[in-house]
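# Structure assessment
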Amino acid sequence: MNHQQFQLADLARLVQGECVGQADLQLRGLASLEHATSQDLAFVNVDKYLEQAQNSQAGALIVTAELKAQLSSHQNFIVVANPYLAFAILTHVFEKKQTQRGIESTAQIHPSAVIAEDAYIGHYVVIGENCVVGSNTIINSHAQIDDGVEIGKDCFIDAHVTLTGETKVGDRVRIHANTVVGSEGFGFAPYQGKWNRIAQLGSVRIGDDVRIGSNCSIDRGALDDTILENGVIIDNLVQIAHNVHIGENTAIAATCGIAGSTTIGKNCILAGACGVAGHLHITDNVTLTGMSMVTNNITEPGTYSSGMGLLPNQQWKRTVVRLRQLADVPLTQVMKRLDHMQSQIESIESTFKLRK
Amino acid sequence: MNHQQFQLADLARLVQGECVGQADLQLRGLASLEHATSQDLAFVNVDKYLEQAQNSQAGALIVTAELKAQLSSHQNFIVVANPYLAFAILTHVFEKKQTQRGIESTAQIHPSAVIAEDAYIGHYVVIGENCVVGSNTIINSHAQIDDGVEIGKDCFIDAHVTLTGETKVGDRVRIHANTVVGSEGFGFAPYQGKWNRIAQLGSVRIGDDVRIGSNCSIDRGALDDTILENGVIIDNLVQIAHNVHIGENTAIAATCGIAGSTTIGKNCILAGACGVAGHLHITDNVTLTGMSMVTNNITEPGTYSSGMGLLPNQQWKRTVVRLRQLADVPLTQVMKRLDHMQSQIESIESTFKLRK
Amino acid sequence: MNHQQFQLADLARLVQGECVGQADLQLRGLASLEHATSQDLAFVNVDKYLEQAQNSQAGALIVTAELKAQLSSHQNFIVVANPYLAFAILTHVFEKKQTQRGIESTAQIHPSAVIAEDAYIGHYVVIGENCVVGSNTIINSHAQIDDGVEIGKDCFIDAHVTLTGETKVGDRVRIHANTVVGSEGFGFAPYQGKWNRIAQLGSVRIGDDVRIGSNCSIDRGALDDTILENGVIIDNLVQIAHNVHIGENTAIAATCGIAGSTTIGKNCILAGACGVAGHLHITDNVTLTGMSMVTNNITEPGTYSSGMGLLPNQQWKRTVVRLRQLADVPLTQVMKRLDHMQSQIESIESTFKLRK
């Protein structure tokens, strides 16, 4: 965090909120309810945190009108419809910005590359032939920008990122440290027991407002391009194989893997560690819970899941034994047979009574 | 892609194919059936793409004789027995090659290192004591080659790769960006509630024609070496623990993890996200489907799988409830008891009839 | 391995063991029983390796008194209570140490940074404003140490590591190549179908004696810090999300992912590829077997597991069909109904006999 101070009224104005209490209250930071001091601003967005809010030392709280009514403990508030969104907006006020501009003397830039005047190119960055870096874009130390890569404006490319395969990056894109975009897809033609490498001739196209975490691998396409549409957000350690197409505003959590040529629609959410097989089509508005295993197309929007969840080890061992028997137990038949035998027994009993 | 042009006849010759149609047709690239233009070459290898091929704008098609007979739409062909293999071979013709040779002035190379005259050592590469880099090998910017590492000829080591632990690399090996080979294995001796680090004294041996993707971690052995045999191909974000041994021409897809001291045979295929426990032996010619969980040796060649697949979230929740009951339901008994009771009922019924 | 020689008696002394046999025996290395030569020392810690030990060419063996009594093949021993621990200690004797100290001329260090005299700062390392690097700490080539990062003494930071987000690192911490610590957490406020980035204002705090493998991603907190307590050990390719808290001496194997704000207790062991959902609490002394899926709090110490294990593909396909039926089969009822019908049948039979 930087260490400027901000007045409550000014912060309220930034989120179009109502300032309640001491308008000129000086605030130095945003903090959690638990750790906030009298110089911090905190937020409450749901009732379950009310008690914590009551006990919080925060100098001021971002709340809804409803929540404010239930908080006797504090005098200073920013009242908004959506406290979480207001909080998100204010994090940018307190964020320490990278202000350097220009090109560090140690950067290696090919004469044919076009770098905006107000971009920042860090130490030891290598930029190849015919690259383009847009206005106000920051490229941190050691980044490798190979020939033919183009990066839009207001982007953030962190240290040790490798952009290759003539990747094209839109505006306001953030790519975190040690991520690789445009590396060769995993394409091999098997012949006589050996793997014959297929040189990958496609590229990667990244839209605007895309976010990619650290240590991700996003491969270039075999012939056509791998595509991330506008607004896609990706967490850390995610694998995006060649020719995958991710639709607008889809979110992919950490350690997911998407295999080659799969298309994922718009506004999807993949929780952590999901695996999606290759050459599939997932429609828009699909949510996958954590560790989901996708081996078929998904044509209906909705939430899908996989996995048996967690069991105590001893119960798990017995469960696995049963699972190995399951293939040979016609479960649906079992119920039918039970019903059938039940009726047989009843008929016997009734006949029986008759003849008494 | 580079922008040379090639004549159809010449390309046919390269794949020992029959050139049908305009022998001097100029082609600028390889493309998918969907996006090919009249200056592009495309390929068809199975019937299901015939309609797409008919409608393709491709200037020429790589096909089998059988497929050609069914294609009225095109006049120019390269006819081969295996179009996919021919395509794989031709990708190398259209691939843009890295032609630089020599050592960039910014590279730091220990005087004892032996670098072939015709190798390329990129900007900011660091090469340590007693390293060897073979003929025609390319090492891109920022790669870190620690003391005692040896790399053969015709290799490609991409940006930000770390080779340490005195790793030995064969010929024609490709290691993609940000991968780490030879880092310390995860070995600790527990004693009195603490973890005592075991310094790893083994190394990594990589055969010829091995391919390793981006962001992989391949650890050095504890005492003996971690070994990848000739022709092994590995995708991105793969973990190979200390003392693992991977047999010839085995393929490992993205985000797989192989735990310590496990041996995997020749010609195996691990689809994405498989997990293999430690100290196991997997025989030759084993295929694991995606997300397979291997906790025992595999002694028979064949295909193996794990995972319940994907369910709609509501059904999944009910399924998990049943799975938690499964441990206490003797499934095989159920069927036996049903059969037994059925026969009891029938005997009653028959007796019954008798006494009418 | 370095190539000094050591006398058996001296090595025995280092592990407070009893030297049996030729006290001045010169040993050049530690090796596995299988590959040891007459100049190597090997260890045996369990009976099952006795035969291998008998046949080993090792010049000397680290053993317990019990094991020694069973080994007629060798004359030279180091006798200890815990051979594996003794081996762990001796690996450090044979490990090749990095002896360079000082700052390479190519490193870029901000004038406000405080670097200990006896630290090593490798080639092309970039160290930002107000950073601190402690005594005897080694930072290898290309590491990126961003503004405000503090590193204690006797640490090892390998090549291409990125330390950002004002991360604070304790003493004797080892962070392996290409790992990223302090990168931005995956925090976004959804609003009107878009993801609004939440700038991450927290940091990462790493205790003493922590070990982090290669290609890991450990994110900074949103407001409070992400915390790894003393003695935590982490393997490769592990994801630790923002605001996770890992307790003392907990071990996390490769490719695990821990989602945001989850707390894991002390002395836990997570085997490879486990996934832990966000906002959970896992108590102390919990062991998770490989590929465990954790979606609820764990309040009892013990061992827990997930996953159906591996099946031959054909059986697996049939099993998955049954699993899809399972939701609608009331397993516990089935057993009750079977018992009930059995008793009905028996009563019929008995009545029946009566009336003969």
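Note that this is a predicted model, so its numbers are computed, not measured.

About the cut-offs
Residues numbered from 1 in each chain as written. Chains lettered and ligands numbered in written order. Predicted model: local features only at pLDDT ≥ 70, side-chain atom pairs only at ≥ 80, totals over all residues. Heavy atoms only, no water. Helix = DSSP H or I, 4+ residues; strand = E, 2+ residues; numbered from the N terminus. Rg over C-alpha atoms; globule rule 2.2 N^0.38 Å. Contact = heavy atoms within 4.5 Å. Domains from an automatic or database assignment. Salt bridge = Lys/Arg side-chain N within 4 Å of Asp/Glu carboxyl O. Polar contact = N/O pair within 3.5 Å; in protein donor to acceptor, adjacent residues only side chain to side chain. Pairing = 2+ DSSP bridges. Buried < 20%, exposed > 50% of the residue type's maximum accessible area, 1.4 Å probe, protein only. Right-handed = clockwise from strand over helix to strand, strands pointing away. Buried area = accessible area lost by both parts, 1.4 Å probe. Nonpolar A, V, L, I, M, F, W, Y, C, P; charged D, E, K, R; others polar. Core = buried A, V, L, I, M, F, W, Y, C linked by side-chain atoms within 4.5 Å. Axes fitted to C-alpha atoms, helices over the stretch in contact; angles between N-to-C directions. Parallel < 35°, antiparallel > 145°, perpendicular 65-115°, else oblique. Phe/Tyr/Trp six-rings, centres within 6.5 Å; stacked < 30°, edge-to-face > 60°. Least-squares fit on C-alpha atoms with pLDDT ≥ 70 in both. 1 Å grid on protein atoms, 1.4 Å probe; cavity = no way out; pocket = protein on both sides within 12 Å on 5 of 7 lines; lining within 4 Å. Points joined across faces, edges and corners; volume = space filled by probe spheres on them.

## A few points about the overall build of chain A
When you go through chain A residue by residue, the secondary structure sums to six helices and 40 strands. Compactness check: chain A gives a C-alpha radius of gyration of 29 Å against a globular reference of 21 Å for 356 residues, more than 25% above the reference. Seen through its C-alpha atoms, chain A measures out along the principal axes to roughly 105 × 75 × 35 Å. Within chain A, residue pairs in contact and separated by at least 24 positions form 19% of the contacts whose partners lie at least 6 positions apart.

## Thoughts on the domain arrangement of chain A
Here chain A is described as being made up of domain 1 (6-94), domain 2 (102-304) and domain 3 (313-355). Placing a centre on the C-alpha atoms of domain 1 of chain A and another on those of domain 3 of chain A gives a separation of 60 Å.

## Quick word on the interface of chain A and chain C
Of the residues lining the interface, 77 residues belong to chain A; the matching set on chain C comes to 78 residues. Taken together, the connections running from chain A to chain C amount to five salt bridges. In this structure, Glu184 of chain C and Arg211 of chain A form a salt bridge, with 3.9 Å as the shortest nitrogen-oxygen distance. For the interface between chain A and chain C, the tally reads 40 residue pairs in polar contact (both at pLDDT 80 or more).

## Details of the sheet that holds strand β38 (residues 293-294) of chain C
A sheet is described by the order of its strands in space; here 10 strands give the open sequence β9-β12-β15-β18-β21-β26-β29-β32-β35-β38 (chain C), paired in parallel fashion. With one partner strand each, in any of the chains shown, β9 (108-109) and β38 of chain C form the two edges of the open sheet.

## Some details on the environment of Ile109 of chain A
Residue and element names in this part refer to chain A. Mapped onto the elements of the fold, Ile109 is located in strand β9 (residues 108-109). Residues Ile109 and Val125 lie 16 residues apart in sequence; the distance between their C-alpha atoms is 7.9 Å. Leave out the neighbours within four places in its chain, and Ile109 touches Ile103, Ile115, Ile121 and Ile127.

## Side note on the pattern of salt bridges
Tallied over the full model, the rule gives 33 salt bridges over all chains. Arg197 of chain A is the salt-bridge partner of Glu184 of chain A, the closest N and O atoms lying 2.6 Å from each other. Here Glu184 of chain A, found in the loop between β21 (180-183) and β22 (188-191), pairs with Arg197 of chain A, found in strand β23 (residues 194-197); they are 13 residues apart in sequence, far enough to count as distant. Here Glu184 of chain A falls in the buried class, since its relative accessible area comes to 8%. If you follow the salt bridges from partner to partner, you end up with Glu95, Lys97, Arg174 and Arg211 of chain A together with Glu184 and Arg197 of chain C in one network.

## As for the pairing of strand β6 (residues 60-63) of chain B
The two faces of a sheet get side chains in turn, since along a regular strand they alternate between them. Residue and element names in this part refer to chain B. Side-chain alternation along β6 places Ala60 and Ile62 on one buried face and Leu61 and Val63 on a second face that is also buried. When strand β5 (residues 40-43) meets β6, the two strands line up parallel, connected through three bridges. When the bridges of β6 are listed, Ala42 appears paired with Leu61. In the classification by handedness, the crossover that spans β5, the intervening helix α2 (residues 50-55) and the parallel β6 is right-handed. Bridge count between β6 and strand β7 (residues 77-79): three bridges; the pairing is parallel. Counted as the bridge partner of Ile62 is Ile78 from β7.

## Let's talk about the interface of chain C and chain B
The partner chain B presents 78 residues to the 77 residues of chain C that form the contact. When chain C packs against chain B, close to 6,700 Å² is buried across both sides, 63% of that on carbon and sulfur atoms. For the interface between chain C and chain B, the tally reads five salt bridges. Arg174 of chain C serves as the salt-bridge partner of Glu184 of chain B, at 3.1 Å between the closest nitrogen and oxygen. Remark: the boundary between chain C and chain B carries 39 residue pairs in polar contact (both at pLDDT 80 or more). Taken together, the elements giving at least two residues each to the side of chain C that touches chain B come down to α4 (83-94), β28 (233-234), β31 (251-252), β40 (311-312), α5 (313-326) and α6 (331-354) of chain C. The element contributing the most residues to the side of chain C that touches chain B is α6 of chain C, with 12 residues. Across the side of chain C that touches chain B, the residue classes tally to 40 nonpolar, 26 polar and 11 charged. Relative to β40 of chain C, strand β39 (residues 302-305) of chain B runs antiparallel, the two being bridged by two bridges.

## Overview of the nonpolar core
Residue and element names in this part refer to chain B. Core analysis: the largest hydrophobic core is formed by 53 residues, its most contacted members being Ile127, Ile139, Leu163 and Leu288. Residue assignment for this core shows that the elements contributing at least two residues are β24 (204-206) and β37 (286-288). Ignoring sequence-local partners within four residues, the contact set of Ile139 consists of Tyr120, Ile121, Gly122, Val125, Ile127, Val133, Ile145, Ile151 and Ile157.

## Thoughts on the packing of helix α5 (residues 313-326) of chain A against α5 of chain C
Contact pair α5 of chain A / α5 of chain C: the axes reach a minimum separation of 8 Å and the direction vectors enclose 100°. It follows from the interaxial angle that α5 of chain A and α5 of chain C lie roughly perpendicular. For the pair α5 of chain A and α5 of chain C, the contacting residues are Leu323, Arg324 and Leu326 of chain A in the first and Gln315, Thr319, Arg322 and Leu323 of chain C in the second. By residue class, the composition of the contact of α5 of chain A with α5 of chain C is three nonpolar, two polar and two charged.

## Side note on the packing of aromatic side chains
Considering all chains together, one arrives at 18 aromatic pairs over all chains under this definition. Each ring, one from Phe186 of chain B and one from Phe188 of chain B, has its centre 5.4 Å from the other, and the planes form 70°; the classification is edge-to-face. Phe188 of chain B sits in the buried class, given a relative accessible area of 11%. Of the aromatic side chains, those joined through ring pairs into one cluster are Phe43, Tyr84 and Phe87 of chain A.

## Quick notes on the environment of Ala273 of chain B
Its location among the elements puts Ala273 of chain B in the loop between β34 (269-270) and β35 (275-276). According to the relative accessible area criterion, Ala273 of chain B is partly exposed, its value standing at 22%. Here the alpha-carbon distance between Ala273 of chain B and Ile252 of chain B, two residues 21 residues apart in the chain, equals 9.3 Å. Among all residues touching Ala273 of chain B, those that are not within four sequence positions of it are Ala254, Thr255, Cys256, Met291 and Ser292 of chain B together with Met291 of chain C.

## Examining the relation of the copies chain C and chain B
Comparison of the two chain copies shows a relationship of rotation about an axis with a shift along it. Turning chain C through 120° and shifting it by 0.0 Å along the axis lays it on chain B, with an RMSD of 0.1 Å. On the angle and the small slide along the axis, the relation comes out as a three-fold axis.

## Regarding empty space enclosed by the protein
Empty space among the atoms can be located by rolling a probe the size of a water molecule over them. One pass over the structure, following the stated rule, counts one cavity of 30 Å³ or more. The space that makes up the largest cavity amounts to roughly 40 Å³. As for the largest cavity, its lining consists of Val329, Leu331 and Val334 of chain A, Val329, Leu331 and Val334 of chain B together with Val329, Leu331 and Val334 of chain C. Every element with two or more residues in the lining of the largest cavity is listed here: α6 (331-354) of chain A, α6 (331-354) of chain B together with α6 of chain C.

## Here's the deal with the sheet that holds strand β35 (residues 275-276) of chain A
Residues and elements named next belong to chain A. What the 10 strands build is an open sheet, ordered β9-β12-β15-β18-β21-β26-β29-β32-β35-β38; its pairing is parallel. Taken across any chain shown, the strands that pair with only one partner, and hence form the sheet edges, are β9 and β38 (293-294). When strand β15 (residues 144-145) meets strand β18 (residues 162-163), the two strands line up parallel, connected through two bridges. Of the residues in β18, the one forming a bridge with Ile145 is Leu163.

## Quick notes on the side chain of Glu184 of chain C
Reaching out from Glu184 of chain C, the side chain makes a polar contact with the side chain of Arg174 of chain A at a distance of 3.1 Å. Other than its neighbours up to four places away in sequence, Glu184 of chain C contacts Arg174, His176 and Arg211 of chain A together with Arg197, Gln200, Asp219 and Arg220 of chain C.

## Here's the deal with the side chain of Gln144 of chain A
Inspection of the secondary structure assignment puts Gln144 of chain A in strand β15. The class for Gln144 of chain A is buried, based on a relative accessible area of 4%. Here the side chain of Gln144 of chain A touches Ser141 of chain B through a polar contact of 2.9 Å, side chain to side chain. Those residues in contact with Gln144 of chain A, other than ones at most four positions away along the chain, are Val126, Val161, Thr162 and Leu163 of chain A together with Ser141, His142, Ala159 and His160 of chain B.

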